[in-house]
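What follows is the residue order along each chain.
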Amino acid sequence: NTIMASGMSALSKLIEGGKSHRDAVAQLYKENRNVIFTGNGYSKEWVQEAARRGLSNHQSAPAAINTFNCASNKALFKAMNIFTDEECDARQEVMYENYITVVKIEAATMISMVERGILPACREDLKIYASTMPKLAGDRSKVYGAVKTELDKLKALVEKSQQDMKAEATRLCNVVKPQMSALRAQVDLAEGLIDKDLYPYPTYEQLIYAHHS
């Protein structure tokens, strides 16, 4: 909304300054056409193209939050009578706090689900093969062990913390979330091995097609 308001304000000034509607729109388009991209804005292609055009392209929430109260943004919010400089700083702090809270909740939830659901299922599944059919166990012991290893790494990272909110948000984004992905990858492998009657959570197939049964 702020961007739209600022754009309309710029357009209004050009028209009120004597330009025709067509010429005013044409000038704005010429000045800002480098932000238009008709390809996939989520692709690597756009990352490269944005860099070539000299556009900022923050690829994580902490990186974007860090720029929220920069000088140009403060000037924009002040010109639109939306935020004062102090309010911009406060809003950035709230954004950091929210990001930190959400990621920590996600990590704690993941740890709980793996400890209370996945690992017990791995243990019971491994028991089936341990005594009678060890040759049929395949990579179960290796995969289930990797789940525990990655879980312990995540727990150790979550227990650490930094007082500075910017530093903590950056740590969660660049260190904790990748470890969550590493744990998720091992759990995905385990899901393909655990007996379906032992798996503790609904699979995608059950979520999507259960209502048909």
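This text goes with the structure placed above it.
These remarks concern the structure in this document. (Residues numbered from 1 in each chain as written. Predicted model: local features only at pLDDT ≥ 70, side-chain atom pairs only at ≥ 80, totals over all residues. Heavy atoms only, no water.)

## Things to note about the overall build of the protein
Inference 1: Across its full length, the protein carries 9 helices and 0 strands.
Inference 2: Put simply, the protein runs from its N terminus to its C terminus through helices and strands in the order α-α-α-α-α-α-α-α-α.
Inference 3: Radius of gyration (C-alpha) of the protein: 26 Å, far over the 17 Å computed for a compact globule of 213 residues.
Inference 4: With the principal axes as the frame, the protein shows a C-alpha extent of 90 × 45 × 35 Å.
Inference 5: Counting over 213 residues, the protein shows a buried share of 27%.
Inference 6: Residue pairs at least 24 apart in sequence account for 60% of intrachain contacts in the protein once pairs closer than 6 positions are excluded.
Inference 7: With an accessible surface of roughly 14,500 Å², the protein has 55% of that area assigned to carbon and sulfur atoms.
Inference 8: Here the protein contributes 27 positive and 26 negative side-chain charges, whose respective centroids are spaced 4 Å apart. (Helix = DSSP H or I, 4+ residues; strand = E, 2+ residues; numbered from the N terminus. Rg over C-alpha atoms; globule rule 2.2 N^0.38 Å. Buried < 20%, exposed > 50% of the residue type's maximum accessible area, 1.4 Å probe, protein only. Contact = heavy atoms within 4.5 Å. Areas by Shrake-Rupley, 256 points an atom, 1.4 Å probe, with all protein chains shown as cover. Lys, Arg positive; Asp, Glu negative; His and termini not counted. Charge placed at Lys NZ, Arg CZ, Asp CG, Glu CD.)

## Quick word on the packing of aromatic side chains
Inference 1: Under the counting rule described, the total for this entry stands at 5 aromatic pairs.
Inference 2: Consider the rings of Phe37 and Trp46, whose centres lie 4.7 Å apart with planes at 35°: the pair is tilted.
Inference 3: Taking the relative accessible area as the measure of exposure, Phe37 reaches 23% and is therefore partly exposed.
Inference 4: Given a relative accessible area of 13%, Trp46 falls into the buried group. (Phe/Tyr/Trp six-rings, centres within 6.5 Å; stacked < 30°, edge-to-face > 60°.)

## Here we look at the pattern of salt bridges
Inference 1: Under the counting rule described, the total for this entry stands at 15 salt bridges.
Inference 2: A salt bridge links Asp89 to Lys74; the shortest N-O distance between them is 3.1 Å. Pair noted here: Asp89 is in helix 6 (residues 85-130) and Lys74 is in helix 5 (residues 71-79), with a separation of 15 residues, a long-range link.
Inference 3: Its relative accessible area of 32% is what places Asp89 among the partly exposed residues.
Inference 4: Overall, Lys74 belongs to the buried group, its relative accessible area being 18%. (Salt bridge = Lys/Arg side-chain N within 4 Å of Asp/Glu carboxyl O.)

## Digging into the nonpolar core
Inference 1: Ranked by size, the top nonpolar core spans 29 residues in total, and within it Val114, Val147 and Leu183 carry the most contacts.
Inference 2: Residue assignment for this core shows that the elements contributing at least two residues are helix 6, helix 7 (140-159) and helix 8 (165-191).
Inference 3: Of all the elements, helix 6 adds the most residues to this core, at 12 residues.
Inference 4: Beyond its immediate stretch of four places on either side in the chain, Val114 contacts Leu119, Pro120, Val147, Leu151, Leu183 and Val187. (Core = buried A, V, L, I, M, F, W, Y, C linked by side-chain atoms within 4.5 Å.)

## Quick look at a nonpolar patch on the surface
Inference 1: A contiguous nonpolar surface patch, about 500 Å² in accessible area, is contributed by Tyr204, Leu207, Ile208 and Tyr209.
Inference 2: Its place among the elements puts Tyr204 in helix 9 (residues 204-209). (Patch = residues over 30% accessible without salt bridge, like charges linked within 9 Å, V, L, I, M, F, W, Y side chains within 5 Å.)

## Comments concerning the state of the cysteines
Inference 1: Summed over all chains, the structure comprises 0 disulfides.
Inference 2: Just so you know, Cys70 is unpaired, no disulfide at all, and the nearest cysteine sulfur is the one on Cys88, 8.8 Å from it.
Inference 3: Looking at Cys70, the relative accessible area reads 28%, which means it is partly exposed. (Disulfide = S-S within 2.5 Å.)

## Side note on the packing of helix 5 against helix 6
Inference 1: Axis separation between helix 5 and helix 6 bottoms out at 9 Å; the angle between their running directions is 120°. Judged by the angle between their axes, helix 5 and helix 6 are oblique. Handedness of the helix 5/helix 6 crossing: right-handed. Across from Lys74, Phe77 and Lys78 in helix 5, the residues of helix 6 making contact are Asp85, Cys88 and Asp89.
Inference 2: Across the contact of helix 5 with helix 6, the residue classes tally to 2 nonpolar, no polar and 4 charged. (Axes fitted to C-alpha atoms, helices over the stretch in contact; angles between N-to-C directions. Parallel < 35°, antiparallel > 145°, perpendicular 65-115°, else oblique. Left-handed = near helix turned anticlockwise from the far one by under 90°. Nonpolar A, V, L, I, M, F, W, Y, C, P; charged D, E, K, R; others polar.)

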